[in-house]
Amino acid sequence: MVIAFHTMNASLEDNTMSDPLGAKEPISSDPNNDIGAQAYEADFDFQDGNLGDDEVDSFAIDEDRFTTETPVWNDTKFAIFFLIVFVLFIVKSFSLIVKHMKTLADEIPPSQTVPNSLFFSLKSIFLILVTIALSTAVTMKLFFLAGKKSIRLVETGIKFITGFFMLATVAAFFIRQYIQGFLFGIVTAILFTIIIKFKQLITLAGNILSIVISVLMKYPATAFAAGGGYISTSFFTGLLSIVNGCTYIAYGFHGDGTPRFDDQGNKISQVSTGFVLTLLFLNFAGLYIVDVARNVMHVTIGGIYGTWYYTEQTFNGMPKNEGTGSFKRAMTYNFGSLCFGSLCVVIFQCIAVTVLLIDRNQGYVGQIGDLILRLTSTGVGYFNLYVFSFVALYGSSMMRSVKATYKFFKDRGLQAFCNDFIISLALGFYCLIAAFISGIFIAIFLYIFKAIVGIREEFFAPLLTSSLVVSFNITTVLILTIVSGSSVFFYALNKDPSVYQESHQFEFQEISRCFPRVLQRVNLQ
């Protein structure tokens, strides 16, 4: 059953909204400046993947999928290109691993920090399981508390981070690292300005964080999607690292890329054309696959948040299997757009990798290449975050999404960046608190049961480390969900604020108090 969403002018004629100063004014009925005057009619057709100008105003539910009324396969040529690259990467990787994995493994020194006996007794296995369970429980409990006290978390987090940068500034000047001290000082000044003069930014970020966390708790499919994406990206990142080591060995180097010498001290490692081309292709393909997997995760999470935003308070409510439906759309209709966007990011990354290969000693040229890598990855990646948020919400092609996001950034980009920046500080503070408290609980547990279970001293460090690793991975998954959810929510909120006003009136009023511009919808046409 297909349902089109309609927002009626008549329902808003008598509505009033308090502005930040407390005055009450009627909401405008001007269709160009109205937060809900335009009806979402689906009376046009999509052909050959080219979406009409009104495409972004049409939404529908089709069984388990939040989608446009007539979904189209966008940018299919890039999906085919990605599949070819993926197959070639897998074939080449496993051929290198089969031939050279044993040599690579022999070059890796055995770990001396973890006793082997830790993994070979029922008592030790029990301790490991209890450690994992306790770390998980503490981390999740803190996360739920953060959702209930999000504004306080944001305020405390930004103050803590400000104090940290202040100390870092003093320390940098004390050890005569003036450039680092100057940069730390700029960050400290910005944070102080936000705390003193722009408290409404903190309140807005706290409200958005609270909303995003509440949706995550209500629909855990978002966290499962983030967990699946985190596992897949970690797997391919690790595979790329192993394949790079095998490639070095295949061409006469050590696994870490250092030259190999014979018994007489003669260098036997040679940089050949085949070596360079193989390494470039593997890094290009590996980074490409990782970026596509990351974007599939983001669009899947974004699709769930989009479904919640537009359908939860409708007559039929949320469709069933919102997570699987969103994943299907990401892997079918939207997959070509994801491959297209990821390709743009990876091309910039590979240019920087090429520069790094020219100077492996991290000289002047290598440092420039590293800087290019970081800047392009951060800048283009951040823009793509919102581009793919648009794809997740409306199923548009890559170029259509880029144009819409460019207009969105011109109007609300600074506010979006401020939100993400402040929320990132709060999440960083949450990570520190979760790891610290989790470590305290594990230390208390080990101390209490030391005599009862008979824990040896050499087990303490590995078990504490495992608790920190568990806490880190859980917080990473939760943060990935929040990053995707907050960008999608803020995009939809500014494009169609009337939807949220009608479904969550109190929350919308709180947002409009600290962000009055939400009353004017963004025109992306």
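Along each chain, the written sequence defines residue order, and numbers are assigned to residues from 1. The predicted origin of the model limits local features to residues at a pLDDT of at least 70 and limits the giving and counting of side-chain atom pairs to 80 or more, whereas totals for whole chains, interfaces and linings rest on all residues. Excluding hydrogens and water, the side-chain values take into account all heavy atoms of the structure.

### Looking at the overall build of the protein
So, point 1. Check the secondary structure of the protein and you find 15 helices and 4 strands.
So, point 2. Relative to its full complement of 525 residues, the protein shows a buried share of 49%.
So, point 3. Areas reported here follow the Shrake-Rupley algorithm with a probe of radius 1.4 Å; residue values treat only the protein chains shown as occluding. Accessible surface for the protein amounts to roughly 26,200 Å². Of this, 66% is attributable to carbon and sulfur atoms. Helix and strand definitions here come from DSSP, where helices need a minimum of 4 consecutive H or I residues and strands a minimum of 2 consecutive E residues; each element is numbered from the N-terminal end. For the exposure calls, accessible area comes from a 1.4 Å probe over protein chains only, and a residue counts as buried if that area is under 20% of its type's maximum, exposed if over 50%, partly exposed in between.

### Side note on unusual backbone geometry
So, point 1. For D75, which is not glycine, the phi dihedral falls at a positive 50 degrees.
So, point 2. In this structure, D75 sits in the loop between strand 4 (65-67) and helix 1 (76-107).

### So, the packing of aromatic side chains
So, point 1. Geometry of aromatic contacts follows a simple scheme: Phe, Tyr and Trp rings, the Trp one being its six-membered ring, pair when their centres are within 6.5 Å, and the pair is stacked under 30 degrees between planes, edge-to-face over 60, tilted otherwise. For the structure on display, the rule yields 39 aromatic pairs.
So, point 2. An angle of 90 degrees between the planes, with centres 5.2 Å apart, marks the rings of F82 and Y288 as edge-to-face. In this pair, F82 sits in helix 1 while Y288 sits in helix 7 (residues 273-311), placing the two residues 206 residues apart along the sequence.
So, point 3. Assessed through its relative accessible area of 0%, Y288 is described here as buried.

### Looking at the nonpolar core
So, point 1. Judged by nonpolar contacts, the single largest core of 74 residues is most densely connected at W308, Y309, F489 and Y500.
So, point 2. Contacts between residues were defined by any pair of non-hydrogen atoms, one from each residue, lying within 4.5 Å. Apart from residues no more than four positions distant in its own chain, W308 is found in contact with I211, V215, Y219, M318, F489, Y500 and H504.
So, point 3. Grouped together as the second largest cluster of nonpolar side chains are 35 residues, V85, I97, F340 and M398 included. We define the nonpolar core as a collection of buried residues of types Ala, Val, Leu, Ile, Met, Phe, Trp, Tyr and Cys that are connected through side-chain atoms lying within 4.5 Å of one another.

### Looking at the side chain of T300
So, point 1. Inspection of the secondary structure assignment puts T300 in helix 7.
So, point 2. Judged by relative accessible area, T300 falls into the buried class, the value being 5%.

### Structural notes on the packing of helix 4 (residues 178-197) against helix 5 (residues 199-218)
So, point 1. Two numbers describe how helix 4 lies on helix 5: the axes approach to 5 Å, and their chain directions differ by 90 degrees. In terms of orientation, helix 4 lies roughly perpendicular with respect to helix 5. Residue-level contacts link I194, I195, I196 and K197 of helix 4 to K199, Q200 and I202 of helix 5.
So, point 2. Residues are grouped as follows: nonpolar covers Ala, Val, Leu, Ile, Met, Phe, Trp, Tyr, Cys and Pro; charged covers Asp, Glu, Lys and Arg; every other residue, Gly included, is treated as polar. Tallied by class, the residues present in the contact of helix 4 with helix 5 amount to 4 nonpolar, 1 polar and 2 charged. Between N-to-C directions, angles span 0 to 180 degrees; the directions come from axes that are lines fitted to C-alpha atoms, helices contributing only their stretch in contact. Note on angle classes: values under 35 degrees are labelled roughly parallel, values over 145 roughly antiparallel, values of 65 to 115 roughly perpendicular, and the remainder oblique.

### Some details on the environment of V243
So, point 1. For V243, the location among the structural elements is in helix 6 (residues 221-250).
So, point 2. As a C-alpha pair, V243 and L104 span 139 residues in sequence and 9.8 Å in three-dimensional space.
So, point 3. Ignoring any residue separated from it by four or fewer positions in sequence, one finds V243 in contact with S93, L96, I97 and L282.

### Topic: a nonpolar patch on the surface
So, point 1. Candidate patch residues must exceed 30% relative accessible area and have no salt bridge, after which like charges are joined if within 9 Å and Val, Leu, Ile, Met, Phe, Trp or Tyr side chains if within 5 Å. In the sections that follow, a salt bridge refers to a side-chain nitrogen of Lys or Arg positioned within 4 Å of a carboxyl oxygen of Asp or Glu. A cluster of nonpolar side chains, namely F173, Y178, I179, F182, L183, I186 and I190, defines an oily patch on the protein surface of about 730 Å² accessible area.
So, point 2. Among the elements that make up the nonpolar patch, the one with the highest residue count is helix 4 (6 residues).
So, point 3. Considering the arrangement of structural elements, one finds F173 in helix 3 (residues 150-174).

### A short note on the pattern of salt bridges
So, point 1. Overall, the coordinates contain 5 salt bridges when judged by the stated rule.
So, point 2. We note a salt bridge from D291 to R294, for which the minimum N-O separation is 3.0 Å. Residue D291 and its partner R294 are both found in helix 7; the two are separated by 3 residues, about one turn of the helix.
So, point 3. Measuring nitrogen to oxygen at the nearest pair gives 3.0 Å for the salt bridge that ties D496 to R521. Residue D496 is found in the loop between helix 13 (460-495) and helix 14 (497-503), and its partner R521 is found in the segment after helix 15 (505-514); the two are separated by 25 residues along the sequence.
So, point 4. Classification of R521 as buried rests on a relative accessible area of 11%.
So, point 5. Taken together, the shared-partner salt bridges in this structure form one network comprising D411, R412 and R517.

### A few points about helix 11 (residues 398-448)
So, point 1. Each helix should span, by expectation, one fewer than its residue count multiplied by 1.5 Å. For helix 11, which comprises 51 residues, the first-to-last C-alpha distance of 57 Å sits more than 12% below the rise-based estimate of 75 Å (1.5 Å per residue).
So, point 2. Of all bends in helix 11, the biggest is about 80 degrees, found at R412. What the bend at a residue measures is the angle between two axes, fitted to the seven residues ending there and to the seven starting there.

### As for the environment of Q501
So, point 1. Residue placement: Q501 occurs in helix 14.
So, point 2. A C-alpha to C-alpha distance of 9.8 Å links Q501 and S512, two positions 11 residues apart in sequence.

### Focus: the side chain of H504
So, point 1. The residue H504 is located in the loop between helix 14 and helix 15 in this model.
So, point 2. Excluding its chain neighbours within four sequence positions, the residues that come into contact with H504 are W308, E312 and Q313.

### A word on the confidence of the model for the protein
Low-pLDDT stretches of the model should not have their predicted coordinates read in fine detail.
So, point 1. Chain-level pLDDT for the protein is 76 on average; 76% of the residues reach the 70-or-more range.
So, point 2. pLDDT gives the predictor's per-residue confidence on a scale running from 0 to 100. Here residues 1-67 scores under 50 on pLDDT; set against residues more than four positions off or in separate chains, the count is 159 contacts.
So, point 3. Below a pLDDT of 50 lies the segment residues 111-120, which in the model reaches 17 contacts outside its immediate sequence neighbourhood of four places, other chains included.

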